[in-house]
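# Descriptive structure summary
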Amino acid sequence: MLKLFAVPFIAAVFAAPAIAQELPSVTLPADVDQLLRAYERAWAANDAAGLAALFAPDGYALPSGQAPARGTDSIRRAYAGGGGQPTTLRALEYRVSGDLAYMVGAYGPAQSRQDFGKFVLVLRRVDGRWLIAADIENANQRMGPPQRPLAKPAPLVQVPDAAVVPAA
């Protein structure tokens, strides 16, 4: 999900305060759950081609900090070098209507009860198999140094009304 996920992810997990898992997970149909587990395996293996194969041929990946990627080759390039760490995906909401579905979810380090970020997947059934039509994700907290406070405006200086003196 994140191309530049490794270093900020590790830094945030160990340096940032714990992010509480506030929303409960929902149970997914087996075939949709298998899609999430395949995503986790491909991500952990840093398998960009495996990740791209989970998308519809005309699917979109919208990773944080990158331009949108559309289509298998573009998605593979977007995910190249972005995985490599065990990650857990969980669904917070899932709805289906015919051959389309959406899922709102959260992700975090495997074996942890903390969510690092969240995602929305749009799924499309293609030849009887659920594929990702669109994937957008972002972190729960700002990565990098803390934001600087806004500069305080300079105090206003009042100038007394000047007397108009006629020219001589």
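Residues numbered from 1 in each chain as written. Predicted model: local features only at pLDDT ≥ 70, side-chain atom pairs only at ≥ 80, totals over all residues. Heavy atoms only, no water.

## Considering the sheet that holds strand E6 (residues 129-139)
Hydrogen bonds between backbone atoms are what pair the strands of a sheet, whose relative direction is either parallel or antiparallel. Note the following rule: In short, DSSP must find at least two bridges between two strands for them to pair. The helix count covers DSSP runs of H or I at least four residues long, the strand count covers runs of E at least two residues long, and both are numbered beginning at the N terminus. The criterion used for residue contact is that any of the two residues' heavy atoms lie within 4.5 Å. Axes here refer to lines fitted to C-alpha atoms; in helices the fit is confined to the stretch in contact. Angles between the N-to-C directions go from 0 to 180 degrees.
The strand order E2-E1-E6-E5-E4-E3 describes an open sheet built from 6 strands, whose pairing is mixed. The open sheet has two edge strands with one neighbour each: strand E2 (69-70) and strand E3 (87-97). As judged from the 10 bridges shared by E3 and strand E4 (residues 100-109), these two strands associate in the antiparallel manner. Within E4, the position partnered with Glu93 by the bridge is Val104. Contacting strand E1 (55-62), E2 and E6, helix H4 (residues 72-79) crosses the sheet at an angle of about 40° to E1.

## Structural notes on the confidence of the model for the chain
So the rule is basically this: pLDDT gives the predictor's per-residue confidence on a scale running from 0 to 100.
Mean pLDDT over the chain: 82, with 72% of residues reaching 70 or higher. The model gives residues 1-20 a pLDDT under 50, and that stretch makes 47 contacts with residues more than four places away or in other chains.

## Re the packing of aromatic side chains
Aromatic ring pairs are reported here in terms of the distance separating the ring centres and the angle at which the planes meet. Applicable threshold: Ring geometry is summarised as follows: Phe, Tyr and Trp rings, the Trp one being its six-membered ring, pair when their centres sit within 6.5 Å, and such pairs are stacked at plane angles under 30 degrees, edge-to-face over 60 and tilted between the two. Think of it in three bands: residues with accessible area under 20% of the maximum for their type are buried, residues over 50% are exposed, and the middle band is partly exposed, with areas taken using a 1.4 Å probe on protein chains only.
Within this structure, the stated rule accounts for 3 aromatic pairs. When the centroid spacing of 6.2 Å and the interplanar angle of 85° are considered together, the rings of Trp43 and Tyr79 count as edge-to-face. Here Tyr79 lies in helix H4 and Trp43 lies in helix H2 (residues 30-44), a separation of 36 residues in the sequence. Overall, Trp43 belongs to the buried group, its relative accessible area being 3%. The interplanar angle of 45° and the centroid separation of 6.2 Å between the aromatic rings of Phe55 and Tyr79 together place this pair among those described as tilted. In this pair, Phe55 is assigned in strand E1 and Tyr79 in helix H4, connecting sequence segments 24 residues apart. Taken individually, Phe55 and Tyr79 each receive the classification buried, so the pair is uniform in this respect. Among the aromatic residues, those joined into a cluster by ring pairs are Trp43, Phe55 and Tyr79.

## As for the environment of Ala69
By secondary structure assignment, the location of Ala69 is in strand E2. Between the C-alpha atoms of Ala69 and Asp58, which are 11 residues apart in sequence, the distance is 9.8 Å. Every residue in contact with Ala69, bar those within four places of it in the chain, is listed here: Gly59, Tyr60, Ala61, Ser74, Ile75 and Ala78.

## Concerning H2
The condition is simple: Here the expected length of a helix is defined as 1.5 Å per residue gap, with one fewer gap than residues.
When the terminal C-alpha atoms of H2 are compared, their 21 Å separation across 15 residues agrees well with the 21 Å that a helix rising 1.5 Å per residue should span. Restricting attention to buried positions, one finds in H2 the residues Val32, Leu35, Leu36, Ala38, Tyr39, Glu40, Ala42 and Trp43.

## Topic: the side chain of Asp115
What counts is decided by this rule: By the criterion applied in these results, polar contacts are pairs of N or O atoms within 3.5 Å in which, for protein atoms, one can donate a hydrogen and the other can accept it, and in which residues neighboring in sequence qualify only through two side-chain atoms.
Positionally, Asp115 belongs in the loop between E4 and strand E5 (117-126). Residue classification places Asp115 among the buried residues on the basis of a relative accessible area of 10%. There is a polar contact of 2.6 Å between the side chain of Asp115 and the side chain of Arg90.

## Looking at the pattern of salt bridges
Formally: Counted as salt bridges are all cases of a side-chain nitrogen of Lys or Arg within 4 Å of a carboxyl oxygen of Asp or Glu.
Going through the model one piece at a time under the given rule, you end up with 7 salt bridges. We note a salt bridge from Arg90 to Asp115, for which the minimum N-O separation is 2.6 Å. Taken as a pair, Arg90 in strand E3 and Asp115 in the loop between E4 and E5 lie far apart in primary sequence, 25 residues in all. Here the two residues Arg90 and Asp115 agree in accessibility, since each one is buried. Note that Asp99 is salt-bridged to Arg125, the shortest N-O span being 3.1 Å. Within this pair, whereas Asp99 is found in the loop between E3 and E4, its partner Arg125 is found in strand E5, the two being separated by 26 residues in sequence. Take Arg125: its relative accessible area is 30%, and that puts it in the partly exposed class. Each of the salt bridges in this network shares a partner with another, and the network as a whole consists of Asp33, Arg37 and Glu40.

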